[in-house]
Amino acid sequence: MKKTFTFLLISAILAGASTTASALGFSTVVTNDKSKNTYSKCAWESDPHLNKVPLSGKPGRRDHVWFRSYNKDFIIDAPVNVGSISVLYEGNVIAENKTIQTSKGNLMMSASSSGVCTLTLKKSMVNIRGSIGMDVWEKLKHMGGILMDLEDSKIEATGAFSFNVPAWQAKFVKNRSGATIKMAGDSHIKIKGDFLVDPILSEQPNLHFRFILNEKDGKMPFFSAKQGSIKNCELHLNIKNKLRKGIYPLLEATGSKAFEGKLRAMTLNGKNISFDTVTPINGVDVVIKIGSADKKKPNDIILEVK
């Protein structure tokens, strides 16, 4: 099972990746001077790990960018148009009212041994001409977390979305080890390819993959992919304001098949809930169920407001 998943994962990532002889790698240089920890003002070097060489200029459309900020905030204060992107380890990469895009490459996020690797987007748009991946170095003995935090923001990718944990012998800590997609308001993540989650989730109860979808100003965010498995993933909804009556997609399968597997947990406003359970909130009745977000096949997880 693990070997099969790894083969599918590599195939999906390679399908969205490209390399060119003229492409360079640019890694952020982060200092104690907060004013310089921005995309437009930071210095750059050739590698985020060893044998670093200072680089002049800025990343171009074919280049790879490593965002590594060592437990500090790094602000994207200008549009980003590069070949591919990695967000590494601890630190918080923040973009507000910005556009981020890759010309022909992936967006990767990698967990550290303890902290949280975070990409925070506010009123921003991310276009990835490739796949999105979340992973951890295979030799780590402990695993931290990965967080995509979207507020009124959108991420769209032409490839797959994968969560891969090759460090299967690592120690996993409940509510820390794993990946979380948190979205609020007018936000979505749309993936044209498949949603691939490591089957190790079935074997490790302290490892998580969570969707946290928060209503804001009467709007609900959603995640969509062609198909895949949500086995042992979690879905947490928070609704504070009154929603208009209608259908709201939550987890949408745009292909012909529904997502496989059963969720490990599902909550509404912090309380455990099951499919087809009617819950009154602010004068309306809401129910989470299997239905159709596009009025075609009933293969999506939706929220209906009656």
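All values reported here derive from a predicted model rather than from experimental measurement.

Description of the sheet that holds strand E12 (residues 125–128)
Right, on to step 1. In spatial order, the strands read E6-E9-E12-E15-E18-E21-E23-E28-E27-E26; together these ten strands make up an open sheet with mixed pairing. Edge strands, defined here as strands with exactly one partner in the open sheet, are strand E6 (80–82) and strand E26 (278–281). The mean angle between the axes of side-by-side strands here comes to 15°, regardless of whether they run parallel or antiparallel.
Right, on to step 2. Bridge count for strand E9 (residues 99–102) against E12 is four bridges, and the pairing is parallel. Paired with Thr102 across the strands is Ile128, a residue of E12.

Thoughts on the nonpolar core
Right, on to step 1. Among the nonpolar cores identified, the biggest contains 79 residues, and Phe195, Phe209 and Phe223 are the most heavily contacted of them.
Right, on to step 2. With four residues, strand E23 (residues 246–253) is the single largest residue contributor to this core.
Right, on to step 3. Phe223 has contacts with Phe161, Ile181, Met183, Ile189, Ile191, Phe195, Phe211, Leu250, Leu251 and Glu252, leaving out every residue within four places of it along the chain.

Brief notes about the side chain of Ser84
Right, on to step 1. Tracing the chain through its elements places Ser84 in strand E7 (residues 84–88).
Right, on to step 2. Judged by its relative accessible area of 15%, Ser84 falls in the buried class.
Right, on to step 3. A polar atom in the side chain of Ser84 sits 2.5 Å from the side chain of His64.

Section: the sheet that holds strand E16 (residues 161–163)
Right, on to step 1. Ordered in space as E3-E2-E1-E4-E7-E10-E13-E16-E19, the nine strands form an open sheet in which the pairing is mixed. What marks the edges here is a single partner per strand, and that holds for strand E3 (54–55) and strand E19 (195–197).
Right, on to step 2. As judged from the four bridges shared by E7 and strand E10 (residues 107–111), these two strands associate in the parallel manner. Paired with Ser86 across the strands is Met108, a residue of E10.

Re the confidence of the model for the chain
Right, on to step 1. Of all residues in the chain, 93% have pLDDT values of 70 or greater, and the mean over the chain is 93.
Right, on to step 2. Contacts of residues 10–21 to residues separated by more than four positions or lying in other chains number 17 contacts, the stretch itself having pLDDT below 50.

Quick notes on the rules
Residues numbered from 1 in each chain as written. Predicted model: local features only at pLDDT ≥ 70, side-chain atom pairs only at ≥ 80, totals over all residues. Heavy atoms only, no water. Pairing = 2+ DSSP bridges. Helix = DSSP H or I, 4+ residues; strand = E, 2+ residues; numbered from the N terminus. Axes fitted to C-alpha atoms, helices over the stretch in contact; angles between N-to-C directions. Core = buried A, V, L, I, M, F, W, Y, C linked by side-chain atoms within 4.5 Å. Buried < 20%, exposed > 50% of the residue type's maximum accessible area, 1.4 Å probe, protein only. Contact = heavy atoms within 4.5 Å. Polar contact = N/O pair within 3.5 Å; in protein donor to acceptor, adjacent residues only side chain to side chain. pLDDT = per-residue confidence, 0-100.

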